[in-house]
Amino acid sequence: MLPIDTDTVASVAEEDELRAKIIQNICNGDRVFFKSQQIDDPDLTMEEKEEIVKELFSKKDSLFLARFGNHIDIENLVYFEEKQYSGDEEYIVKQHLERLRRWHKNKGVEIRNRRYAAMQKMIAENSAYFTETEMMNREPLLYDQLIGQFLSEDEKMTRDNRDSSSLVNVLLNGIEDSDYSEKLAQEKYGQEENSSSSSENSVPKERTLWGEFTDHSAASTSRSSQKPITRTERDLLREEFMGIMYTNFLQGTDKDFDYSAVDNNADYDDAIRSLDEEEKYFDDDDDTNDSAANGIYGQEEASSEDELDIYMEHLNRHQSLQEQL
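Attention in this report is confined to the structure presented alongside it. All of these numbers come straight from a predicted model, not from anything done at the bench. (Residues numbered from 1 in each chain as written. Predicted model: local features only at pLDDT ≥ 70, side-chain atom pairs only at ≥ 80, totals over all residues. Heavy atoms only, no water.)

**Let's talk about helix α5 (residues 87–124)**
Under the 1.5 Å per step criterion, the end-to-end length of α5 is 56 Å for 38 residues, consistent within 8% with the ideal 56 Å. Asn126 lies just past α5 and shows a positive phi near 55°. (Helix = DSSP H or I, 4+ residues; strand = E, 2+ residues; numbered from the N terminus. Expected span 1.5 Å × (residues − 1).)

**Notes on the nonpolar core**
Counting residues in hydrophobic clusters, the biggest one holds 26 residues, and the most contacted among them are Met119, Phe130, Phe241, Phe249 and Phe257. With seven residues, helix α11 (residues 231–251) is the largest single contributor of residues to this core. (Core = buried A, V, L, I, M, F, W, Y, C linked by side-chain atoms within 4.5 Å. Buried < 20%, exposed > 50% of the residue type's maximum accessible area, 1.4 Å probe, protein only.)

**Concerning a negative patch on the surface**
Side chains of Glu14, Glu15, Asp16, Glu17 and Glu82 sit close together on the surface and give a patch of like negative charge. Looking at where Glu82 falls in the secondary structure, it is placed in the loop between α4 (78–81) and α5. (Patch = residues over 30% accessible without salt bridge, like charges linked within 9 Å, V, L, I, M, F, W, Y side chains within 5 Å. Areas by Shrake-Rupley, 256 points an atom, 1.4 Å probe, with all protein chains shown as cover. Salt bridge = Lys/Arg side-chain N within 4 Å of Asp/Glu carboxyl O. Lys, Arg positive; Asp, Glu negative; His and termini not counted. Charge placed at Lys NZ, Arg CZ, Asp CG, Glu CD.)

**Notes on helix α3 (residues 61–68)**
All buried positions along α3 are accounted for by Asp61, Ser62, Phe64, Leu65 and Phe68. Down the axis of α3, the buried set is contained in an arc of 160°. They therefore lie on one face. (Arc of directions from axis to C-beta.)

**Points about the packing of α3 against α5**
Relative orientation of the contacting elements α3 and α5 amounts to 25°, with a least axis distance of 9 Å. Relative to α5, the element α3 lies roughly parallel. Read as a crossing pair, α3 and α5 show a hand that is left-handed. Within the contact between the two elements, α3 uses Asp61, Ser62, Leu65 and Ala66 and α5 uses Glu89, Ile92, Val93, His96, Leu97, Arg99 and Leu100. The residue inventory of the contact of α3 with α5, partitioned by class, reads six nonpolar, two polar and three charged. (Axes fitted to C-alpha atoms, helices over the stretch in contact; angles between N-to-C directions. Parallel < 35°, antiparallel > 145°, perpendicular 65-115°, else oblique. Left-handed = near helix turned anticlockwise from the far one by under 90°. Contact = heavy atoms within 4.5 Å. Nonpolar A, V, L, I, M, F, W, Y, C, P; charged D, E, K, R; others polar.)

**Quick look at the packing of helix α2 (residues 46–57) against α3**
Relative orientation of the contacting elements α2 and α3 amounts to 140°, with a least axis distance of 8 Å. In terms of axis orientation, α2 runs oblique to α3. Every residue of α3 that contacts α2 at Ile52, Val53, Leu56 and Phe57 is listed here: Asp61, Leu63, Phe64, Arg67 and Phe68. Residues of the contact of α2 with α3, tallied by class, amount to seven nonpolar, no polar and two charged.

**Here's the deal with the pattern of salt bridges**
In this structure the tally under the stated criterion is twelve salt bridges. Across the salt bridge formed by Asp269 and Arg114, the nearest N and O atoms sit 2.8 Å from each other. With Asp269 in helix α13 (residues 267–294) and Arg114 in helix α5, this residue pair connects regions lying 155 residues apart in the sequence. Its relative accessible area of 16% is what places Asp269 among the buried residues.

Next comes the structure, spelled out in structure tokens:
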């Protein structure tokens, strides 16, 4: 009896697992075309979708990539990259993979721009999503560090009254004052308990937060006794907080936000195009005036940066703040 090559068995198992994952993702995807249907035809069941995808997958990979390639996650393209092909199939698969990598890259830019347009729209319309109380409840620890601990009781009351509509929604969702305090405490100190088997010589590493004392003998000191910060410093800290919250939204890390409603909405492309055209108009006008004034029209190369890139570059300067949390 020949020995079993465990490496080969493991490789085949991983390949089968990745293949199943690709099929499952396609069947669960949005706007996937499986087959032509009449208006009155019932929606395809999951079993019918899987049957269609598997049937094409069992034929040629080049045909499969041509039909469903845009619905395969970029990290799963490795399934096709590691396979061995020959003749025309090798060339066609390679072309599809190169196309799909370009498509994913452009798709990432498109999604980023749509989220930026959606964020700008919500801010302009004073959407509840970006009110202070809503952002406070999304990131209670960060808010407390940068803003909350420096507010007086009157300022807190003014904030809650100003955002009363969103505050009511928060309360209806079960996040009352006591829940907020509990959530804040959990984020500060975590839910991990020290193991009873820890060595006596080991000292648990504690998390030092802004405005907190490292010396526990001073922990009872009231915050009111801390040296007050200036209005300028408070404004800078508020700007930090807002910038981080905007970055979280653009990067897709807000857990309770339905990003699919934005990422798959082509209406936001119109807002981006309008902004680009407006910027181009003013850039061209400025270039013309500057060149005419200096007598060197057409000799200087105009340079411009995408507004979103500039915005992200500004926010990335503050990433060290997040690393401290």
